[in-house]
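# Structural characterization, general
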Amino acid sequence: MSGHDWTEHCRVGEPVALVALALDAAIGWPAGLYRLVGHPVGAFAAIIERCEAGLNMPAWSFARRRLAGAATVVVLIGVVGVATLAIEWSLLHVFGQWAWLGTAVLAFPGLAQRSLFDHVRAVHFALSHQDIAQARSAVGMIVGRDVASLDEGGVSRAAIESLAESFCDGVAAPLFWLFALGLPGIWVYKAINTADSLIGHREARWRAFGWAAARLDDLLNLVPARLAGTVICVIGGGWNVMWRDAGKHESPNAGWPEAAMAGALHVRLAGPIAYDDVFADKPWIGEGGDEATVRDLGRSLTIYLRACLALWLIAGTVAWAL
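A brief look at the structure comes next.

The rules behind each value
Residues numbered from 1 in each chain as written. Predicted model: local features only at pLDDT ≥ 70, side-chain atom pairs only at ≥ 80, totals over all residues. Heavy atoms only, no water. Helix = DSSP H or I, 4+ residues; strand = E, 2+ residues; numbered from the N terminus. Buried < 20%, exposed > 50% of the residue type's maximum accessible area, 1.4 Å probe, protein only. Areas by Shrake-Rupley, 256 points an atom, 1.4 Å probe, with all protein chains shown as cover. Lys, Arg positive; Asp, Glu negative; His and termini not counted. Charge placed at Lys NZ, Arg CZ, Asp CG, Glu CD. Core = buried A, V, L, I, M, F, W, Y, C linked by side-chain atoms within 4.5 Å. Contact = heavy atoms within 4.5 Å. Salt bridge = Lys/Arg side-chain N within 4 Å of Asp/Glu carboxyl O. Axes fitted to C-alpha atoms, helices over the stretch in contact; angles between N-to-C directions. Parallel < 35°, antiparallel > 145°, perpendicular 65-115°, else oblique. Left-handed = near helix turned anticlockwise from the far one by under 90°. Patch = residues over 30% accessible without salt bridge, like charges linked within 9 Å, V, L, I, M, F, W, Y side chains within 5 Å. Polar contact = N/O pair within 3.5 Å; in protein donor to acceptor, adjacent residues only side chain to side chain. Nonpolar A, V, L, I, M, F, W, Y, C, P; charged D, E, K, R; others polar.

### A closer look at the overall build of the protein
Helix and strand counts for the protein stand at 14 helices and four strands. In terms of its C-alpha atoms, the protein occupies a principal-axis envelope of roughly 60 × 55 × 40 Å. In the protein, buried positions account for 47% of the 322 residues. Carbon and sulfur atoms make up 64% of the accessible area of the protein, which amounts to about 15,300 Å² in all. Put simply, the protein has 24 plus and 29 minus side-chain charges, and the middle of one group is 2 Å from the middle of the other.

So this is what it looks like as C-alpha cells:
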C-alpha cells in the first residue's frame with residue numbers, strides 16, 4: 001500500500017466512529033454472543049495473566065518487577081497494535097473504499113455505551129421497586145467497593161460514580177483513540193485499560209508490576225477524561241464543581257467526569273467508602289450535603305444518554321466535514 005492510499009483511507013474512514021457508535025447502541029455485545037465467542041478483552045486478560053504468572057516474582061526486587069511489568073505492557077501493545085494494524089491494512093486491500101465499514105464493525109465492540117447503560121439501569125430498576133438486595137447485587141457488578149451494607153443513597157452514589165467514570169473509560173476514551181489512530185488506537189487503548197483494571201493496583205502484589213500499566217492508562221485518559229467532563233457540563237451544567245473538585249479524586253482523570261456529574265445533579269459523590277473491609281476516608285466531590293437518591297440516579301442516566309448523543313453529533317460532524 002502506498003503512502004497516498006493510506007492517507008486516503010484515513011480521510012474517508014472517518015464515518016467509522018459514527019457507525020461504530022450506532023452498532024454499539026443498537027446491539028451492544030449480547031450475552032449469547034459473549035457465551036459463544038467471549039470478548040476481545042478476554043484475550044488481553046489472558047496475555048496479561050500469562051505474563052504476570054511468569055514475570056511477577058515475589059522474590060524479585062521492586063525495580064525488577066516494575067521492569068517486568070513494563071515489558072508486559074510492551075508485549076501487549078505490540079501484539080494488539082500489530083494485529084489490528086494488519087487487519088486494517090487487509091481490509092483496505094480487500095474492500096478498497098468500503099474498508100471503513102469493516103473497520104467500524106471491528107471497532108464497535110471496543111465501545112461500551114449500551115452495556116454501561118444497561119448495567120446502571122438495572123440498579124435504577126431495582127431501587128425503583130424498593131429491592132435493595134437486588135440493587136446491591138446489580139451495583140456490585142460494576143463497582144469494586146463493598147456493597148453489602150449500602151443503603152439507597154450509597155447504592156445510588158456508587159452507580160452514579162461508575163456511570164460518570166465509565167463514560168470516559170467506556171465511551172469517550174475509546175472513541176477518542178478511534179478518531180486518533182483508527183482500529184489500532186481503540187484496541188490498544190482497551191488493552192491498556194484492561195491491564196490497569198487487572199494489575200494497576202496499589203496492593204503489595206501489584207504495586208511494582210502494575211506501575212507501567214497504571215501510568216500509561218492515566219496518560220491515555222488525560223484528554224478523554226477532560227473531554228468527558230466538558231460534555232457532561234455542556235449537557236447538565238456543573239462547571240464550577242468540575243473545576244473546583246476534579247483534583248480531589250485520587251485519579252488524575254476520574255475526577256473530571258465525576259465532578260461534572262456531581263455538579264450537574266447537585267449532589268455529593270465520592271466520600272468515605274470501604275474496599276475489602278478496609279475503610280477509605282476519601283474527600284467528597286460536589287456541593288451541599290444532599291445524599292444521592294434513586295431520582296438522581298435516573299437523572300444521571302438521562303444526562304449520560306444526552307452526553308452519548310453529543311458524541312454522536314461530534315462524530316457525525318467530523319464525518320460530514322471530511
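Read on, since the account is not over.
### Some remarks on the nonpolar core
Counting 85 residues, the largest nonpolar core has Leu76, Val123, Val139, Phe167 and Tyr304 as the members making the most contacts within it. Top element by residues in this core is helix 9 (residues 152–199). It accounts for 23 residues. Filtering out sequence-adjacent residues up to four positions away, Val123 remains in contact with Ala135, Ala138, Val139, Val155, Ala159 and Leu297.

### Side note on the pattern of salt bridges
What the rule picks out here adds up to nine salt bridges. In this structure, the salt-bridge partner of Asp218 is Arg215, at a minimum N-O distance of 2.9 Å. Linking Asp218 with Arg215, this pair stays in helix 10 (residues 211–220), spanning three residues, or about one helical turn. Several salt bridges share partner residues, and in doing so they unite Arg244, Asp245, Lys248 and Glu287 into one network.

### Description of the side chain of Thr84
You can see Thr84 is positioned in helix 5 (residues 62–95). Apart from residues no more than four positions distant in its own chain, Thr84 is found in contact with Leu183, Pro184 and Trp187.

### A few points about the packing of helix 4 (residues 40–55) against helix 5
At a closest axis distance of 10 Å, the pairing of helix 4 and helix 5 adopts a crossing angle of 150 degrees. With respect to helix 5, the axis of helix 4 lies roughly antiparallel. Where helix 4 crosses over helix 5, the handedness of that crossing is right-handed. For the pair formed by helix 4 and helix 5, the contact residues are Phe44, Ile47, Ile48, Cys51 and Leu55 on the first element and Ala68, Thr72, Leu76, Val79 and Val80 on the second.

### A closer look at a nonpolar patch on the surface
On the surface, a cluster of nonpolar side chains totalling about 460 Å² of accessible area is made up of Val94, Phe95, Trp98 and Leu101. Within the secondary structure, Leu101 sits in helix 6 (residues 99–107). The class of Leu101 is partly exposed, set by a relative accessible area of 39%.

### Structural notes on the environment of Asn56
Relative to the elements of secondary structure, Asn56 occurs in the loop between helix 4 and helix 5. A relative accessible area of 7% means that Asn56 is categorised as buried. The sequence separation of Asn56 and Pro272 amounts to 216 residues, and the corresponding C-alpha distance is 32 Å. If we skip the residues at most four places from it in the chain, Asn56 touches Cys51, Arg65, Arg205, Trp206 and Phe209. Engagement of the side chain of Asn56 in a polar contact is seen with the side chain of Glu52, the distance being 2.9 Å.

### Focus on the environment of Ile48
With respect to the element layout, Ile48 can be found in helix 4. Along the backbone, Ile48 and Asp151 are 103 residues apart, and their C-alpha atoms lie at a distance of 36 Å. Once residues within four sequence positions are removed from consideration, Ile48 is found in contact with Leu76, Ala191, Thr194, Ala195, Leu198 and Ile199.

### So, the side chain of His249
With respect to the helices and strands, the residue His249 is situated in the loop between helix 12 (239–245) and helix 13 (255–265). With a relative accessible area of 18%, His249 lands in the buried category. A polar side-chain atom of His249 sits 3.5 Å from a polar atom in the side chain of Glu258. For His249, the contacting residues outside a window of four places in its chain are Ala254, Gly255, Glu258 and Ile285.

### Quick look at the packing of helix 2 (residues 15–27) against helix 14 (residues 294–321)
Where helix 2 contacts helix 14, the axes come no closer than 7 Å and their chain directions differ by 145 degrees. Between helix 2 and helix 14 lies a crossing whose hand is left-handed. Mapping the contact onto sequence places Pro15, Ala17, Leu18, Leu21, Ala22 and Ala25 in helix 2 and Leu311, Trp312, Ala315, Gly316 and Ala319 in helix 14. Residue composition of the contact of helix 2 with helix 14, grouped by class: 10 nonpolar, one polar and no charged.

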